[in-house]
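Close look at the chain arrangement
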Amino acid sequence: MVQASREQARRYQAFVRQYHPPRPVLRNCVLAFLVGGTICAIGQGLLNLFMVQGLPLKEATGPALAVLVAMGALLTGLGVYDDIGRIGGMGAALPISGFANAITAPALEFKREGYVFGIGQRLFQIAGPVVVYGMVAAVAMATIRIVLGLTGTGGAP
Amino acid sequence: MDGRGPVLAEGEAGADRRTARRTPQRAPRRLGKQTVIFSHPPAIVSAASVVGPMEGKGPLAEHFDVVTENVLMGEKSWERAEVRMMIEASELALKKAGLQHRQVDWILAGDLLNQITCTHMAARTLDIPALGQFSACATLAQGLAVAGMILDGGFGRWCLVGCCSHHDTAERQYRLPTEFASQRPPTAQWTVTGAGAFVVGAEGDGPVITHATLGRVVDMGLKDPYDMGSAMAPAAADTIWQHLADTHRRPEDYDLIVTGDLAHIGSAILVDLLKENGLDVGDRALDCGAMIYKQSGQDVHAGGSGCGCSATVVAGYIMNVLSRGNARRVLLVCTGSLHSVTTYQQGETIPCIAHAVVLEARRPGQEEDR
Amino acid sequence: MSSYAVAFVVGGLMCVLAQLVLDLTRLTAAHVMVLFVVLGAVAGGLGLYQPLVEFAGAGAMVPLPSFGNAVFQGIMEDVDTRGFIAVFTGGLTAAAWGITSAILFGWLVAALFNPKG
């Protein structure tokens, strides 16, 4: 086998880079802004809707997010959310509807491997790390604050 | 690069004939380092291609035998659909050749899925003794080369060579589920949904396989599975360079030099790599991955890839080019990226390989000219 | 009406930030999602995220950093009443709506639909 040395690999990497078309960063950012912004505005609409029903903001958050999650999951099932993601990039992936997509997409695709090893196991193929590291980071931050004697939620006083 | 070989400094221009086997009765069948020459070139007597709907909307649509309407093809899984394409392409090739299953000695086929399962499930249905082939997207050339060796060696009369790949089965194995909302980078390639099959005979009418050059594994240190064209181009350059050195030929000796699935980016790199080493392939160079989809409007980024890419383009388009006399001698160089999810996630670089076969158009009954 | 505009702009800008990370580094979308959840928890721990939630509403609650922040806030709220042991309980309580609905709807859709490819 012919394996490049580190120096040869570095040179080859620099050489091929000139052939790579640049990523359309500006266009991607504009689309991410529009798609992500729209999803957040829909979330705000749901939030307002539940608050009009008499729920305080804190109580309204959960149901509003759950509706976005349901929409994300449903659009994934209909085969639409991947197209939104192709256009909107992180604008589709970062909102919680994108988290729902990350849960639904692998579960749906591995359905044919059965309900346990297909859907059950694959639900967390992509979303698992998100939950794990969110939890680890939050616990770490909380522990640091407790150790430092800074209790309270750290929000606005 | 350093100018002595296309990739690294190890290429040997002179034929190392120590390894060539010389039997008194026969002409030598090894040329140089990596090339075999067939004393009775086997003929590709028929070829058939089955492709998915997206390939059926591409520029080569008219050359494919069957265009399916749906990627599931009425089966219960995409893997089943891939098996079905392989079976349909094989049956069609056998029908075109006027052969029964039992007349075929071996099926030499491969695909991209773990343990090349689609191939073996197809072989189970076809009921032909099977020898699974794998060198990722270079499998077609490997299959044709091995078939050539078997037939020229007298170990059989007919071989069936086939390859299949399916966009959805490959994506979920190698990368991410297709329904996941993610953007693919511009260097990404689109796995072709399709299967190609070839009936190769020890004798018969059709283009013949005169030489085969089996490649070395070349690893230039790239790691990105979304940039396979750049990773595979040096392997293609290495094999082409070695083939020309072994056969003492020049690029001008070929009407076409067809690479497997370097796609737009990789084939541009290949042309320049060869130029740096004094080989000007000019407009002889074609690439199956660059040809199978429209460059704009099909959202495939750099182009097509997968076992089925070279298999369908060669079975459809290139066989037509040869049979219509638009090209007489073609160097087919299939390229494969030999990574897995495990190697990629462990941060390994991507080993690549390229195998080449020479296809020559022959009029019926015409003897080889050597 | 302005709550919509603020949510749109703040949420949109957060997505732009994530898009820049995706486009300008070698990270994949999954890596970026993990990174932003962690950033949310860190920003929450530094007391930076909660003011943003109060300013932008859904604009800060819908993107994923909100998940990390919510877990952190949940822990700290419980710590106030129950002490250190709440590190093990408060987080999931705060994230309950998001995680439960995602599992439930994800499972339901996977069971009812077939992938289009």
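Calculation notes
- Residues numbered from 1 in each chain as written.
- Chains lettered and ligands numbered in written order.
- Predicted model: local features only at pLDDT ≥ 70, side-chain atom pairs only at ≥ 80, totals over all residues.
- Heavy atoms only, no water.
- Contact = heavy atoms within 4.5 Å.
- Buried area = accessible area lost by both parts, 1.4 Å probe.
- Salt bridge = Lys/Arg side-chain N within 4 Å of Asp/Glu carboxyl O.
- Polar contact = N/O pair within 3.5 Å; in protein donor to acceptor, adjacent residues only side chain to side chain.
- Helix = DSSP H or I, 4+ residues; strand = E, 2+ residues; numbered from the N terminus.
- Nonpolar A, V, L, I, M, F, W, Y, C, P; charged D, E, K, R; others polar.
- Core = buried A, V, L, I, M, F, W, Y, C linked by side-chain atoms within 4.5 Å.
- Buried < 20%, exposed > 50% of the residue type's maximum accessible area, 1.4 Å probe, protein only.
- Domains from an automatic or database assignment.
- Pairing = 2+ DSSP bridges.
- 1 Å grid on protein atoms, 1.4 Å probe; cavity = no way out; pocket = protein on both sides within 12 Å on 5 of 7 lines; lining within 4 Å.
- Points joined across faces, edges and corners; volume = space filled by probe spheres on them.

With 72 residues of chain C in contact, the opposing surface of chain A contributes 78 residues. Between chain C and chain A, roughly 6300 Å² of surface is buried when both sides are summed, and carbon and sulfur atoms account for 78% of that area. When residues of chain C are sorted by the area they lose upon contact with chain A, Phe 8, Met 33 and Val 62 of chain C head the list and together hold 10% of the total. At the boundary of chain C with chain A, the tally comes to two salt bridges. Between Asp 23 of chain C and Arg 23 of chain A there is a salt bridge, and its shortest N-O distance comes to 3.3 Å. Across the contact surface, chain C and chain A share 14 residue pairs in polar contact (both at pLDDT 80 or more). Those elements giving two or more residues to the side of chain C that touches chain A turn out to be helix 1 (2-24), helix 2 (29-45), helix 3 (49-56), helix 4 (58-61), helix 5 (65-82) and helix 6 (90-112) of chain C. Looking at the side of chain C that touches chain A element by element, the count peaks at 17 residues for helix 1 of chain C. Residues of the side of chain C that touches chain A, tallied by class, amount to 51 nonpolar, 16 polar and five charged.

Moving on, we come to the nonpolar core. Membership of the largest hydrophobic core comes to 71 residues, with the highest contact counts inside it found for Met 90, Leu 94 and Phe 99 of chain A together with Met 33 and Val 62 of chain C. Among the domains, domain 1 (6-125) and domain 2 (128-157) of chain A are the pair contributing at least three residues each to this core. In contact with Val 62 of chain C, other than residues within four places in its own chain, are Ile 39, Cys 40, Gly 43, Leu 65, Leu 68, Leu 94, Pro 95 and Ile 96 of chain A. Of all hydrophobic cores here, the second largest spans 56 residues; its members include Ala 138, Ala 212, Val 321 and Cys 334 of chain B.

Residues and elements named next belong to chain B. Domain annotation of chain B identifies domain 1 (43-201) and domain 2 (207-360). In total, domain 1 and domain 2 occlude about 4200 Å² of area from one another, counting both sides; carbon and sulfur atoms represent 69% of this. When the buried surface of domain 1 facing domain 2 is broken down by residue, His 63, Cys 137 and Gln 189 rank first, second and third, together holding 17% of it. There are zero salt bridges connecting domain 1 and domain 2.

Tallied over the entire structure, the rule returns 18 salt bridges over all chains. For Arg 172 of chain B, the salt bridge is made with Glu 113 of chain A, and the minimal N-O distance between the two is 2.7 Å. With Arg 172 of chain B in helix 4 (residues 167-174) and Glu 113 of chain A in the loop between helix 6 (96-109) and helix 7 (115-122), this pair bridges two chains. Here Glu 113 of chain A falls in the partly exposed class, since its relative accessible area comes to 39%.

Below, the discussion takes up the interface of chain B and chain A. Accessible area lost during the coming together of the parts is what is often quoted as the interface size. In this complex, chain B contributes 39 residues to the contact, which on the side of chain A involves 37 residues. Overall, the association of chain B and chain A removes approximately 3300 Å² of surface from exposure, summing both partners, and the carbon and sulfur fraction of that is 61%. The largest contributions to the chain B side of the interface with chain A come from Arg 172, Glu 179 and Gln 183 of chain B, which together make up 21% of the buried area. Scanning the region where chain B abuts chain A turns up one salt bridge.

Residues and elements named next belong to chain B. Across the eight residues of strand 7 (residues 158-165), eight count as buried, placing the element largely inside the fold. Both faces of strand 7 are covered, namely the face carrying Trp 158, Leu 160, Gly 162 and Cys 164 and the face carrying Cys 159, Val 161, Cys 163 and Ser 165. As judged from the six bridges shared by strand 5 (residues 106-111) and strand 7, these two strands associate in the parallel manner. Opposite Gly 110, over in strand 7, you have Cys 163 as the bridge partner.

Quick look at empty space enclosed by the protein now. Residues and elements named next belong to chain B. In the structure shown here, the tally under the stated rule is four cavities of 30 Å³ or more. In this structure, the largest cavity spans a volume of roughly 100 Å³. Forming the walls of the largest cavity are Leu 112, Ala 136, Cys 137, Ala 170, Tyr 174, Arg 175, Thr 191, Met 228, Ser 305, Gly 306, Ser 337 and His 339. For the lining of the largest cavity, a count of residues per class yields six nonpolar, five polar and one charged. Here the lining of the largest cavity gathers at least three residues from each of two domains, domain 1 (43-201) and domain 2 (207-360).

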